[in-house]
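Below are the chains, spelled out letter by letter.
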Amino acid sequence: MCGIFAVVNDKHNSSAQTVLEGLKKLEYRGYDSWGIAMKPKGGQVLQVEKHIGKIGQASTSLPAGSIAIGHTRWATHGGVTDTNAHPHLDCTKQIAVLHNGIVENYQELKAKLLTQGHVFISETDTEVIAHLIEEKQKTAKIETAVFETFKELAGSNAIAVLDSKTESVIACRNGSPLVVGMGKDDYYLASDVPAFLKFTNAVHFLLDGEAVILTKTGVSLHDVETHEKKNLVTQHLDWKVEDAEKGGFPHFLLKEIMEQKKTIPKTSQINGEELKKVADKIKIHKKVVMVACGTAFYCALAAKYFFAQSGVQAQTYPAYEFLPFAKFCDKDTVFIAISQSGETADTLIAARNAKKAGAYVVAVINARGSTLERLADSTLLVGAGPEIAVVSTKAFTSQLATLYLLAHDVGGNIVTAQKNLKHLGQVLEGWLNQTLLDKVIALAKNILSHEDMYLIGKHLNYPSTLEFALKIKEASYIHAEPFAAGELKHGVISLIQKGTICFVLAGNDEVKNEVLSSAAELRARGGYIIGIAPFQATEFDTTIQTPDVGDLTLFPNVIVGQLLGYFLGVGRGTDPDKPRNLAKSVTVK
Ligand code: M6R
């Protein structure tokens, strides 16, 4: 995944600066290198600036001009070098190309272009696009050349092309997201809305197979296949500029963790009718399959327990393991795909297969205008607002709260479920504060130097253990291994020795005593036991006490893991917003 941003008819004639600032908002999409191409005022030749490393504090010395494009890269083909950073130019240096995706047939295209005399500078798949457009433009208008080039690219791709001669930006989408922002006389194109939210909230999300041409007189929408013009309809998003800012917090991650006081209870005020529609389908068919990746998959695992409480046996699969089981989907299946971004390649592939098999596809998503939203028969937007940190937090809890509501709607208990979430919101208001942060900081300092940690939980607190561990791994790079408490005796306990850090996640529920017995077994082997639970226990060496909110106790339990991952990361000098090697959404298989 990479970030694309372009501005046309920049208000202050400082397009390169505008693009640089917009790219900083997209850095979560890729942060190994960045670059900008622009046309200087009065000049003919495009000017380009590219650098490896993070864009955070960068500035640009590119000159004044009203049109520019830029890119933040998450490398796939070609190492992390200035040369491989985007934009890539054609031989004439009149055409600059940005790309998000993988050109699967680039070797073949490159071989042909080499025989035609084109000179390649980088090792990327992207550069073939610039030369292919150059070749086609010899006999066609630039937009025709771009559309026809795009049609030749195999794979999921989005491209944006700056043409110096016509002073236009032309972009096409197939798989990777693109959104147009309509200012008054200024126009924007980006992989995600936060890049231009400061200028406009009037947007059009491109569909697969659509293209846009941005010039200083406006934006036109086209069908890539036929080139025909289409009607461009804009919608106004209710997102505020502050949603995409740190708002006084040192990192987006901490801001987004703290926002959960509001985002979790918000879920009970949205999706009313759509929720009922999906619940009614499940009531008829009772065949539920949930699929997702990473954190969203742990959400599916937790939701499975909520469905069980409502008498529904839901199946869960990590999306990348779903294919052998797709054949069991049919017209009686309600297939729930959970995804923050709605762009995760494996989740999309699974959803497409389920749909092909006749399933009714429900998307539980946070980002707007995504591919998953488009292909779903029904969408539950979880309303957590922009999640910028690569480590997912508030999207997870909003997705889980939404599925909690859905499961209870199926069980005929929606009103109680709504009340419970409202109550959880009130409890979080009082608990998720500086006192808690101080406790978590003290714990983080205490265990900072450990390289291995183990975690156990049971039933609802088993998936929360998986998510807790993932937050520690992603944000601090500490090895944190989660297990079902019941698994301990079957081999895992051999890992425990004197001083081993062991977290025990629990609730005041029917398995509390079993979990405490497991904690005692860990302690007997010398483990240092950290209880994450709404009670104190003699089996714990230390405790971060969470509020007792019944079945919803896994929410505060996971929040402790989010905070601990964050503070361990800060303590160990990582960048918690942008962990090494990760991208916010994985749009490639
Ligand atoms: O956008 P998605 O929810 O589909 O993304 C799924 C995973 O890639 C994502 O949850 C990932 O595990 C995060 N890094 C978790 O913090």
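Residues numbered from 1 in each chain as written. Predicted model: local features only at pLDDT ≥ 70, side-chain atom pairs only at ≥ 80, totals over all residues. Heavy atoms only, no water.

1. Here we look at the site of the ligand
Thought 1: Close to the ligand lie 13 residues, the nearest being Ser339, Gln340, Ser341, Thr344 and Glu474.
Thought 2: Side-chain polar atom of Ser339 to an oxygen atom of the ligand: 2.6 Å apart, as the coordinates give it.
Thought 3: A distance of 2.9 Å separates an oxygen atom of the ligand from a polar atom in the side chain of Lys471.
Thought 4: For the ligand, the accessible surface in isolation is 410 Å², of which the surrounding protein chains cover 91%.
Thought 5: Going through the elements one at a time, helix H8 (294-309) and helix H14 (461-476) are the ones with two or more residues in the shell around the ligand.
Thought 6: Of all the elements, H8 adds the most residues to the shell around the ligand, at three residues.
Thought 7: A class-by-class count of the residues in the shell around the ligand yields four nonpolar, seven polar and two charged. (Near = heavy atom within 4 Å. Polar contact = N/O pair within 3.5 Å; in protein donor to acceptor, adjacent residues only side chain to side chain. Areas by Shrake-Rupley, 256 points an atom, 1.4 Å probe, with all protein chains shown as cover. Helix = DSSP H or I, 4+ residues; strand = E, 2+ residues; numbered from the N terminus. Nonpolar A, V, L, I, M, F, W, Y, C, P; charged D, E, K, R; others polar.)

2. Some remarks on the pairing of strand S18 (residues 333-339)
Thought 1: The buried fraction of S18 amounts to seven of the seven residues, a majority that puts the element mostly inside the structure.
Thought 2: On S18, burial covers both faces: Thr333, Phe335, Ala337 and Ser339 on one face and Val334, Ile336 and Ile338 on the other are all buried.
Thought 3: Looking at chain direction, strand S16 (residues 287-292) and S18 are connected through five bridges and run parallel. Paired with Lys287 across the bridge in S18 is Thr333.
Thought 4: Examined bridge by bridge, S18 and strand S19 (residues 360-365) share six bridges and lie parallel to one another. (Buried < 20%, exposed > 50% of the residue type's maximum accessible area, 1.4 Å probe, protein only. Pairing = 2+ DSSP bridges.)

3. Quick look at the nonpolar core
Thought 1: If you look at the biggest cluster of nonpolar residues, it comprises 120 residues, and the most contacted ones within it are Ile336 and Phe503.
Thought 2: Look past the residues within four positions of Ile336 in its chain and what remains in contact with it is Val288, Val289, Met290, Val291, Phe307, Val362, Val364, Leu403 and Leu406.
Thought 3: Val103, Ala145, Leu153 and Ala211 belong to the second largest nonpolar core, which has 25 residues in total. (Core = buried A, V, L, I, M, F, W, Y, C linked by side-chain atoms within 4.5 Å. Contact = heavy atoms within 4.5 Å.)

4. Regarding the pattern of salt bridges
Thought 1: What the rule picks out here adds up to 28 salt bridges.
Thought 2: Between Glu143 and Lys141 there is a salt bridge whose closest N-O contact spans 3.8 Å.
Thought 3: What makes Lys141 exposed here is its relative accessible area of 57%.
Thought 4: Of the charged contacts in the structure, one is a salt bridge between Lys458 and Glu514, with a shortest N-O distance of 3.4 Å. Placement of the pair is Lys458 in the loop between strand S21 (452-457) and H14 and Glu514 in helix H15 (residues 512-524), with a sequence separation of 56 residues.
Thought 5: Three or more residues are tied together by salt bridges with common partners; here these are Glu27, Asp575 and Lys578. (Salt bridge = Lys/Arg side-chain N within 4 Å of Asp/Glu carboxyl O.)

5. As for the domain arrangement of the protein
Thought 1: Taken domain by domain, the protein comprises domain 1 (3-244), domain 2 (247-431) and domain 3 (433-576).
Thought 2: Here domain 1 and domain 3 have C-alpha centroids that lie 44 Å from each other. (Domains from an automatic or database assignment.)

6. Examining the sheet that holds strand S7 (residues 157-163)
Thought 1: Taken in spatial order, the seven strands make up an open sheet running S5-S6-S7-S8-S12-S13-S14, and their pairing is antiparallel. Each end of this open sheet is capped by a strand with a single partner; those strands are strand S5 (88-89) and strand S14 (229-230).
Thought 2: The pairing of strand S6 (residues 95-101) with S7 spans seven bridges and is antiparallel. Of the residues in S7, the one forming a bridge with Val97 is Val161.
Thought 3: Relative to the sheet, helix H3 (residues 127-137) contacts S5, S6 and S7, its axis offset from that of S6 by approximately 135°.
Thought 4: Along the sheet face, helix H4 (residues 142-152) touches S6, S7, strand S8 (168-174), strand S12 (210-215) and strand S13 (218-223) and points at about 20° away from the line of S8. (Axes fitted to C-alpha atoms, helices over the stretch in contact; angles between N-to-C directions.)

7. A word on the packing of aromatic side chains
Thought 1: Counted according to the given criterion, the structure contains twelve aromatic pairs.
Thought 2: Judged by centre distance (6.3 Å) and plane angle (50°), the rings of Phe297 and Tyr298 are tilted.
Thought 3: Phe297 sits in the buried class, given a relative accessible area of 11%.
Thought 4: Given the relative accessible area of 18%, Tyr298 is considered buried.
Thought 5: Judged by centre distance (5.2 Å) and plane angle (50°), the rings of Phe468 and Phe503 are tilted. In this pair, Phe468 sits in helix H14 while Phe503 sits in strand S23 (residues 501-505), placing the two residues 35 residues apart along the sequence.
Thought 6: Residue classification places Phe468 among the buried residues on the basis of a relative accessible area of 0%.
Thought 7: A residue is classified by how much of its surface remains accessible, and Phe503, at 0% relative accessible area, is buried.
Thought 8: Put simply, the rings of Phe5, Tyr188, Phe196 and Phe199 pair up and form one aromatic cluster.
Thought 9: Above the face of the Tyr360 ring, Lys281 is positioned so that its terminal group lies 4.6 Å from the ring centre. (Phe/Tyr/Trp six-rings, centres within 6.5 Å; stacked < 30°, edge-to-face > 60°. Lys NZ or Arg CZ within 6 Å of the ring centre and 35° of its normal.)

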